[in-house]
Amino acid sequence: MDRLRDKVALITGGASGIGRAGCLAMAAEGARIVVADIAADRAEAVAADIREAGCEAIAVTCDVRDSASVQAMVAASLARFGRIDVLFHNAVSVPLVNKMDRRITELPEETWHAIVGLVLTGTFLTAKYVAQKMLEQRSGSIILTATIDALVGQSGLDAYTAAKGGVVSMTRSMAAGLSPEGVRVNAICPGFVRTPHQSDFLDDEQGRAAIESLHLMGVMEPEEIAAFAVFLASDEARRMTGGIHVADSGYTAFKANIDPDAVFKR
Ligand SMILES: NC(=O)c1ccc[n+]([C@@H]2O[C@H](COP(=O)([O-])OP(=O)(O)OC[C@H]3O[C@@H](n4cnc5c(N)ncnc54)[C@H](O)[C@@H]3O)[C@@H](O)[C@H]2O)c1
């Protein structure tokens with residue numbers, strides 16, 4: 001209940017999916033929450049839910065692609081709570097990625113710039129302005145949500161995989177630069193998570209079968225990623241930094257879910 005007591009957690013993409021689950025889980029562990037999202041109404045609804053449960057939360061509207069907007073988000077968080085102990089960075093437009101990304105040869109340049117601008121530059125801007133404050137405090141935990149698509153190939157997602165691959169690399173170099181002064185940086189790489197947009201794939205029988213066949217223990221729920229983020233945010237993880245943590249129901253652990261007796265004719 002108290003693993004994040006006295007901490008302030010800023011969660012981007014906090015109005016939906018993994019970010020929303022992170023807001024609720026960190027609040028339940030005693031953190032004061034900044035729900036940051038481009039969707040003002042949905043962010044306010046999450047903050048209201050947290051307050052109704054007796055915890056502290058504010059909603060801040062922010063576009064992580066825009067430096068002034070990110071700096072205003074940090075300023076609003078500090079104005080209300082005075083410090084930022086945890087950044088859990090999730091902001092992404094799933095429809096942009098799922099509907100617009102392509103194989104490199106068919107990938108329009110404007111789509112490349114849109115996805116890299118949101119995923120990679122958005123991470124740069126958010127982490128930069130939060131980390132400046134954390135360095136001043138000489139403490140903090142930055143948790144970046146990457147993806148297993150940054151670790152294993154996925155055709156048709158060349159902009160997203162490149163941008164998230166950048167997030168993975170930046171996690172390590174940021175840790176190397178910041179952790180000697182007290183700021184930890186880790187990435188979580190989820191497999192398929194049952195978030196509102198991703199649920200569309202599961203409604204289709206063929207899609208669900210294909211996705212389930214890639215996971216050893218079924219698709220993950222947002223709350224399961226949030227639970228790991230709580231650990232990385234907490235002092236229990238005080239020496240964990242620079243880690244690329246796979247949370248994927250076994251997705252990256254195996255080549256194919258085959259019956260070895262049948263394939264090897266044993
Ligand atoms: N769901 C999955 O299967 C899955 C798998 C691997 C990685 N991820 C990663 O997890 C993170 C969260 O994904 P999700 O599935 O929970 O998404 P989601 O769509 O449920 O939530 C993303 C939130 O980000 C907000 N957002 C979009 N553009 C923004 C911007 N410019 N500035 C601020 N906020 C913005 C949206 O309004 C939304 O509330 C993403 O980084 C995604 O790449 C998700």
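Whatever comes next refers back to the structure up there.
Owing to the predicted nature of the structure, the values given are computational and were not obtained by experimental measurement.

Conventions adopted
- Residues numbered from 1 in each chain as written.
- Predicted model: local features only at pLDDT ≥ 70, side-chain atom pairs only at ≥ 80, totals over all residues.
- Helix = DSSP H or I, 4+ residues; strand = E, 2+ residues; numbered from the N terminus.
- Buried ≥ 20, exposed ≤ 12 C-beta atoms within 10 Å, placed from the backbone.
- Contact = placed C-beta atoms within 7 Å.
- Expected span 1.5 Å × (residues − 1).
- Near = placed C-beta within 6 Å.
- Nonpolar A, V, L, I, M, F, W, Y, C, P; charged D, E, K, R; others polar.
- Pairing = 2+ DSSP bridges.
- Axes fitted to C-alpha atoms, helices over the stretch in contact; angles between N-to-C directions.
- Core = buried A, V, L, I, M, F, W, Y, C linked by C-beta atoms within 7 Å.
- Arc of directions from axis to C-beta.

In this section: the overall build of the protein. Per the secondary structure count, the protein includes 10 helices and seven strands. Each principal axis of the C-alpha atoms in the protein carries an extent, and together these give about 65 × 40 × 40 Å. Put simply, the protein has 266 residues, and 42% of those count as buried. Sequence-distant contacts, at least 24 apart, represent 73% of the contacts inside the protein between residues at least 6 apart.

With that settled, the discussion passes to helix α1 (residues 17-28). Look at α1: 17 Å from first C-alpha to last across 12 residues, which is about the 16 Å you get at 1.5 Å a residue. The buried fraction of α1 is high, at 11 of 12 residues. Listing the buried residues of α1 in full gives Gly-17, Ile-18, Gly-19, Arg-20, Ala-21, Gly-22, Cys-23, Leu-24, Ala-25, Met-26 and Ala-27. Remark: Gly-30 follows α1 within two positions and exhibits a positive phi of approximately 100°.

Gly-13, Ser-16, Gly-17, Ala-91 and Thr-195 are the nearest of the 29 residues found near the ligand. Considering every element that reaches the shell around the ligand, the biggest residue donor is α1, with three residues. Looking at the shell around the ligand, its residues break down into 14 nonpolar, 12 polar and three charged.

Note on sheets: strands pair through backbone hydrogen bonds, and any given pair is parallel or antiparallel. Strands sit in the order β3-β2-β1-β4-β5-β6-β7 across an open sheet of seven strands; the sheet is parallel. Lying at the two open borders of the sheet, with one neighbouring strand each, are β3 (57-61) and β7 (244-247). Neighbour-to-neighbour, the strand axes of this sheet turn through a mean angle of 20°, independent of strand direction. In this structure, strand β6 (residues 183-190) lies alongside β7, joined through four bridges in parallel fashion. Note on β7: the bridge partner recorded for Cys-189 is Val-246. Sitting on the sheet, helix α2 (residues 40-52) is in contact with β2 (32-37) and β3, with an inclination near 175° to β3.

Looking at soluble globular proteins, one finds that nonpolar side chains tend to be buried together. Core analysis: the largest hydrophobic core is formed by 73 residues, its most contacted members being Ala-9, Met-26, Ile-33, Val-35 and Ala-233. In terms of residue count, helix α5 (residues 109-137) provides more of this core than any other element does, eight residues in total. Val-35 has contacts with Ile-11, Gly-14, Ala-15, Cys-23, Ala-43, Val-46, Ala-47, Ala-57 and Ala-59, leaving out every residue within four places of it along the chain.

What you see with strand β4 (residues 86-89) is no split at all: Val-86 and Phe-88 on one side and Leu-87 and His-89 on the other are buried throughout. Bridge count between strand β1 (residues 8-12) and β4: four bridges; the pairing is parallel. What sits directly across from Ala-9, in β4, is Val-86.

Turning our attention to α2. Here α2 is 13 residues long and its end C-alpha atoms lie 18 Å apart, about the 18 Å a rise of 1.5 Å per residue gives. Taken together, the buried positions of α2 are Ala-43, Val-46, Ala-47 and Ile-50. Across the axial projection of α2, the buried residues extend over an arc of 95°, all falling on one side. Exposed side of α2, more than 90 degrees from the buried face: Asp-41 and Glu-52 are the residues found there.

A separate point is the environment of Ala-253. Mapped onto the elements of the fold, Ala-253 is located in the loop between β7 and α10 (260-263). In sequence terms Ala-253 and Phe-88 are 165 residues apart; their C-alpha atoms lie 26 Å from each other.

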